[in-house]
Each structure stands twice: as structure tokens, then as C-alpha cells.
Amino acid sequence: MVPRAPAVGYPPEPPGFLTDTTLCIGCKACEVACKEWNGLPEDGLGFTGDSYDNTGALGHSTWRHVVFVEQPKALGTSDTAGVPLRWLMMSDVCKHCEVAGCLEACPTGAIVRTEFGSVYVQPDICNGCGYCVVACPFGVIDRRPSDGRAFKCTFCIDRLRVALTPACATACPTGSIRFGDLSELRVAASERVAELKRRGVDGARSWDGGDAGSHALFVLVDDPEVYGLPQDPAVPIVHQRPAWIAAAVTGAAMVLATWRTLR
Amino acid sequence: MKAVPLKPPVWTWEVPAYFFTGGLAGAAAVIGGLARDGQVRRRAHALAAAATAASTPLLVSDLGRPERFHHMLRVVKLSSPMSAGAWTLLAFSGATGATLLPWRAVASLGSSAAVPLGAVMSTYTGVLIGATAVPVWNRHRVLLPIAFGSSSLAAASGVLVAWGQRDRGLRRLLGVGAAAETAAALAEKGTPRRLRATAFAAGAVPLGLLALRRPRLAGVAAAVGSLLLRYEWIRAGRNPT
């Protein structure tokens, strides 16, 4: 039951993000630009105690989230005065999956695939059933309590439609967040990983979302789980058949048992 | 290692309550459509109709935008268990309502249609939560429809027995449902203890009461257990393991 991209209207080379975490300086300009451009409500001003990450996670009013990981490991050939320490920073975002759990789950048709290959929640249709929230294997989409509807990154579709790039990519001062043709970004990612390995960063790798088919690529220097990304993401909702078979067998057994006892 | 920050379900008590009433209605409709005894049929259909009437308000009130409940009928998307369920509920409501009408042909058609629809009603909610990223639900995606279906069968036959039906067959059906429910609970692995205990008791208590020749109490216990089972499954998903 794996859905295929529609043949008509789907861009041959969809755009996407490449987030090179080795260039991220943790400035959170991406978080701020996203909130400002999209007019997102404030969703927490406290301290989490988790390094410099006081945002916590992606959610209904946070569509870019910078993850901070402090590791007692050396980064390549540099370390701090003989004490191995490195500070990993990654700007997390909605993956706009090729096979999107939220889109498959949505019973109202609110969540759709756009002309940019992105996954978009139509706010005039969503009735806040909350099924998308538990269908996402990355913990991206959520229902906004003050509003009732579900919200997530739109790929700045209003900017894309006037040939601008998303706010986060535009604001990023180091070019860690790049936006463009996904096939070109894939090449760029593998070239960057090769370069990093040449420089002694043995754990360098790219992450592209596995079976979900992420439109947000990442260059990482360690296991995805270190950053809070699943190593081998599965989209649970497309693997329904065994459950429906169990339901059918149970239903048949119910009918049989009723027939045998009450007729 | 950072855990993948999966979002917990946003659902509150209305959802497990609907799982219970919808499942009860479905199983009652299966009984009403197949039973030979006229009084069993009538009471089963009345039970199915009452439980169905309680179901839709529960679902509507759980929505973040309840006034947009009809958006569920914008698309037919059977690949989404929730869309499949919304349309099943609509068709099932129609069929169950038809069984109350005075025209025999219409009532008979409704009664027959409500059997397969009712079987879906009492199992699809298990498929629905199993098809999510919530680990404890996803791990048991095959077990859930079996547990919910057998629980609904026990609850529906239990309510009819408690209502005063002396039909031996109904008590046997209650025993079958409760036994299946107990077996499903024993097959559960890696769930919170509270859930496992509730699932086991929901089947074992009615079985015990049946053995002690207290069928009406067994019926009540089956219904209560069926409701608590749904509540505990949702609770387990809200507190991720």
C-alpha cells in the first residue's frame, strides 16, 4: 500500500533542504526567521537545561528547531586542549516526506502534496482530528491547543510561489541551510561527506530519511540517533495490511461464533 | 543519544469512550443480524442504535474544530484508517437506523448490512491506533484489532445477558468473547503493567463470574472491562514507552 507520487503535476526535480550541520553555528537565525515570517505564536520562553536548546522540539508553533549535542568525542583532528569535546548543532525541520505519514493519515484531505513536492496542511480544511500527530515518525506535526488545528512547516510556500527561498535558508548566515534542486543537493551532500572524511571526520555521513524519502537532507558527523533522528525511519501507516487481515479474521470469527451460538 | 521526539496523541477521554461505544454497537449489530430469537434481535438492534447515537457526539467533541466535523466526508480515503472508519460509521449508522423502521424490507436490509459493517466497527479502531508511530500501539498492530473485536463481542453479549436475556447461546457467546479477550491479553508483551492487568481482567473476570453461575454480573463486568480496556490502551500511548 505504498503510495506513488502522482504522475501529473509533480515536479520532476522537487526542491528541498540540505542542512550541513558542520557549518551550523547554533545562532538560531533560522528559528527566528521562521517564526517571524510565518507569524507563529510564542510557545515557551523558559529554560530547558538542555545546552543552548531552549526550544525543545519541533511543534505546532516551532517549525525550525536547533538541536545541541555536547559529546565527549573529538571532532576530526581538533580537540580542546587535549580534552575531547565537540558540540554538534543541527537545525531540524519537517522532512516533507516522499511517503508522508501525516498526509496518508489525514481523513479530511487537508494535508496535500503541493506543486513543489512539499507536504502542506490546508488550514481552512483541517478539523483538528489529531491523527496526523501520531502518524509522523519524526514528531514534527502537532495540534495547536489555542487554535484546534494542526500546523507544521509549509516550505514557505507563499515565498516559493513568488520565487523566493524559504525564510530559514535565506536567514542562515553560514549557508548551513541550503534550498534548491534535491538532485543537486544530493550530489553536494556526498561531495561534502567525502571532503569531511578527507579532513579526518570519520563519522561523516548524509541522512535522507530512508523509506520515508525526506526532502530535507542532512550532513551529519555521527549516528542519526545522536541528533534525535531515526536511523531507519519507517512510515507506520503504509504497513496496514497485516492489521486489516487480523481485523477481517476477527470479524469473521465474531460472525461465526454468533452464528453457532444464536441460530 | 537523543530519543526521537515523537509527539504523544492529543486525544482525551472521548476517543476511548467512542472506541467502546462504536465497538459495542458493531458487535450488537452482528448479534442482531444473525440471532434467531426475535427478542434477542430486537434488543440487540436497540442496543446497537443507542450505542451508535452516543458515538458521533463523542467523536465530534474530540475534534480541535468540532464545527468542521463534516470535513470528514470531504474525501473517501480508505488508505487512512480514520477515513475508512468515518465512512463505515456513516454507513453503519444508516443501517442500524434502518433496523428501527416499521417497513420490514428496509429493516431487514439494514439488519443484514449492519453485520459486516458492525464487524468493521468493532475492529477498525484497533487498526487505527496500530497504524501510528506510537511505539506501544505500533508494536501490537496485529493484536489490537483482535483484542478490540473480542472485547466488543463480550461487551455486547454481556449487556444483553445483563438485560435479562436467558438465552443459553448468549451466555456461551459472552464466554467465547471473554475467552478470546483473555487470550489476547496473554499474548500482549512489553506493555505497561496497568494495561496488561486491565486487559487480562476484562476477559478473566467475566469468565470467572460465568463459572460461578452469575451470568448477569459477568455481563456487566464484560461491558465495564471493555470500556476500561480502551481507556488503558490510549493511556499507554499517551505515556510513551
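Draft legend 1. Main features of the sheet that holds strand S9 (residues 205-207) of chain A. All names here are of chain A. Taken in spatial order, the four strands line up as S8-S1-S10-S9 in an open sheet, and their pairing is mixed. Each end of this open sheet is capped by a strand with a single partner; those strands are strand S8 (177-181) and S9. Within this sheet the neighbouring strands show an average axis-to-axis angle of 25°, counted without direction. Contacts from helix H6 (residues 182-198) reach strand S1 (15-20), S8, S9 and strand S10 (216-220) within the one sheet, and its direction differs from that of S8 by about 135°.

Draft legend 2. A look at the pattern of salt bridges. Residue and element names in this part refer to chain A. Enumeration according to the criterion identifies 13 salt bridges over all chains in this entry. One salt bridge connects Asp222 with Lys73, and the closest N-O pair in it is separated by 2.8 Å. Here Asp222 is found in the loop between S10 and helix H7 (224-227), whereas its partner Lys73 is found in the loop between strand S2 (64-71) and strand S3 (86-93), with 149 residues between them in sequence. When its relative accessible area of 6% is taken as the criterion, Asp222 is described as buried. For Lys73, a relative accessible area of 38% gives the class partly exposed. Residues Arg149 and Asp147 are paired through a salt bridge, measuring 2.6 Å at the closest nitrogen-oxygen approach. No difference in accessibility class separates Arg149 from Asp147, as the two residues are buried. Each of Lys73, Arg86 and Asp222 takes part in a single network of salt bridges with overlapping partners.

Draft legend 3. Examining the side chain of Glu14 of chain B more closely. Along the chain, the position of Glu14 of chain B falls in helix H1 (residues 14-34). An unpaired buried charge is present at Glu14 of chain B: no salt bridge exists, and Arg143 of chain A, the closest side chain of opposite charge, is 7.8 Å distant. Polar side-chain contacts of Glu14 of chain B include one of 2.7 Å to the side chain of Thr12 of chain B.

Draft legend 4. Here's a closer look at unusual backbone geometry. Residue and element names in this part refer to chain A. You will see that His96, though not glycine, has its phi angle at about 45°, which is positive. Relative to the elements of secondary structure, His96 occurs in the loop between S3 and helix H2 (101-105). Residue classification places His96 among the buried positions, given a relative accessible area of 1%. We note that Cys156 has phi near 45°; this positive angle belongs to a residue other than glycine.

Draft legend 5. Spatial organisation of the packing of helix H7 (residues 143-162) of chain B against helix H10 (residues 215-238) of chain B. All names here are of chain B. Here H7 crosses H10 at 145°, and the two axes come no closer than 7 Å. As H7 packs across H10, the resulting crossing turns out to be left-handed. Residues Leu144, Ala147, Phe148, Ser151, Ser152, Ala154, Ala155, Gly158, Val159, Val161 and Ala162 of H7 pack against Pro215, Arg216, Gly219, Val220, Ala222, Ala223, Ser226, Leu229, Arg230 and Trp233 of H10. For the contact of H7 with H10, a count of residues per class yields 14 nonpolar, five polar and two charged.

Draft legend 6. Spotlight on the layout of surface pockets. All names here are of chain B. Taken as a whole, the largest pocket encloses approximately 460 Å³ of empty space. Surrounding the largest pocket, 22 residues form its lining, Leu59, Val60, Met72, Ala86 and Leu89 being those nearest its centre. Here the lining of the largest pocket gets six residues from one element, more than from any other, and that element is helix H3 (residues 81-98). For the lining of the largest pocket, a count of residues per class yields 17 nonpolar, four polar and one charged. Within this model, the second largest pocket holds a volume of roughly 380 Å³. Lining the second largest pocket are 14 residues; nearest its centre among them are Arg41, His45, Thr99, Ala107 and Ser111. For the lining of the second largest pocket, the secondary-structure elements that each account for two or more residues are H1, helix H2 (38-62) and helix H4 (104-121). Considered class by class, the residues forming the lining of the second largest pocket number three nonpolar, eight polar and three charged.

Draft legend 7. Focus on the packing of aromatic side chains. Residue and element names in this part refer to chain A. Scanning all chains against the criterion turns up twelve aromatic pairs over all chains. Ring plane angle 80° and centroid distance 5.5 Å describe the contact between Phe155 and Phe179, whose orientation is recorded as edge-to-face. Of this pair, Phe155 sits in the loop between strand S7 (150-151) and helix H4 (157-160) while Phe179 is found in strand S8, placing the two residues 24 residues apart along the sequence. Note on accessibility: Phe155 and Phe179 belong to one class, buried. Taken together, Phe17, Phe155 and Phe179 form an aromatic cluster joined through their ring pairs. Over the ring of Trp259 we find Arg263; its NZ or CZ atom is 4.5 Å from the centre of that ring.

Draft legend 8. A look at the nonpolar core. Grouped together as the largest cluster of nonpolar side chains are 132 residues, with contacts concentrated most on Phe17, Ile111 and Tyr131 of chain A together with Trp11, Ile31, Ile129 and Trp137 of chain B. Sorting elements by how many residues they give to this core places H1 of chain B first, with eleven residues. Other than its neighbours up to four places away in sequence, Tyr131 of chain A contacts Ala105 and Ile237 of chain A together with Trp11, Ser80, Pro81, Met82, Leu128, Ala131 and Thr132 of chain B. Judged by nonpolar contacts, the second largest core, of six residues, contains Leu209, Ala218, Ala221 and Ala222 of chain B.

Draft legend 9. Up close: the environment of Leu262 of chain A. Topologically, Leu262 of chain A is positioned in helix H8 (residues 241-262). Taking the C-alpha atoms as reference points, Leu262 of chain A and Asp202 of chain A, separated by 60 residues in sequence, lie 69 Å from one another. Those residues in contact with Leu262 of chain A that lie beyond four places of it in its chain are Ile31, Leu34, Ala35, Arg36, Asp167, Gly169, Leu170 and Leu173 of chain B.

Draft legend 10. Structural detail: helix H9 (residues 193-211) of chain B. Residue and element names in this part refer to chain B. Here H9 contains 19 residues, and its C-alpha end-to-end distance of 26 Å stays within 8% of the 27 Å for a straight helix at 1.5 Å per residue. Along its length, H9 shows its largest kink, about 30°, at Ala201. If you check which residues of H9 are buried, you get Leu195, Thr198, Ala199, Ala202, Gly203, Pro206 and Leu209. Summarising the contacts, the buried residues of H9 are in contact with helix H8 (168-186) and H10. Trailing H9 by a residue or two, Arg213 shows a phi angle of about 60°, which is positive.

Draft legend 11. The arrangement of the interface of chain A and chain B in detail. Between chain A and chain B, the contact holds 64 residues from the first and 58 residues from the second. Contact between chain A and chain B buries roughly 5000 Å² in total, counting both sides, with carbon and sulfur atoms accounting for 64%. Three residues, Tyr131, Met254 and Leu262 of chain A, lead the burial of chain A against chain B; their summed loss comes to 14% of the area buried on that side. For the interface between chain A and chain B, the tally reads two salt bridges. In this structure, Asp147 of chain A and Arg65 of chain B form a salt bridge, with 3.2 Å as the shortest nitrogen-oxygen distance. Seen at the junction of chain A and chain B, the total is 27 residue pairs in polar contact (both at pLDDT 80 or more).

Criteria and cut-off values
- Residues numbered from 1 in each chain as written.
- Chains lettered and ligands numbered in written order.
- Predicted model: local features only at pLDDT ≥ 70, side-chain atom pairs only at ≥ 80, totals over all residues.
- Heavy atoms only, no water.
- Pairing = 2+ DSSP bridges.
- Helix = DSSP H or I, 4+ residues; strand = E, 2+ residues; numbered from the N terminus.
- Axes fitted to C-alpha atoms, helices over the stretch in contact; angles between N-to-C directions.
- Contact = heavy atoms within 4.5 Å.
- Salt bridge = Lys/Arg side-chain N within 4 Å of Asp/Glu carboxyl O.
- Buried < 20%, exposed > 50% of the residue type's maximum accessible area, 1.4 Å probe, protein only.
- Lys, Arg positive; Asp, Glu negative; His and termini not counted.
- Polar contact = N/O pair within 3.5 Å; in protein donor to acceptor, adjacent residues only side chain to side chain.
- Left-handed = near helix turned anticlockwise from the far one by under 90°.
- Nonpolar A, V, L, I, M, F, W, Y, C, P; charged D, E, K, R; others polar.
- 1 Å grid on protein atoms, 1.4 Å probe; cavity = no way out; pocket = protein on both sides within 12 Å on 5 of 7 lines; lining within 4 Å.
- Points joined across faces, edges and corners; volume = space filled by probe spheres on them.
- Phe/Tyr/Trp six-rings, centres within 6.5 Å; stacked < 30°, edge-to-face > 60°.
- Lys NZ or Arg CZ within 6 Å of the ring centre and 35° of its normal.
- Core = buried A, V, L, I, M, F, W, Y, C linked by side-chain atoms within 4.5 Å.
- Expected span 1.5 Å × (residues − 1).
- Bend = angle between axes of the 7 residues up to and from the residue.
- Buried area = accessible area lost by both parts, 1.4 Å probe.

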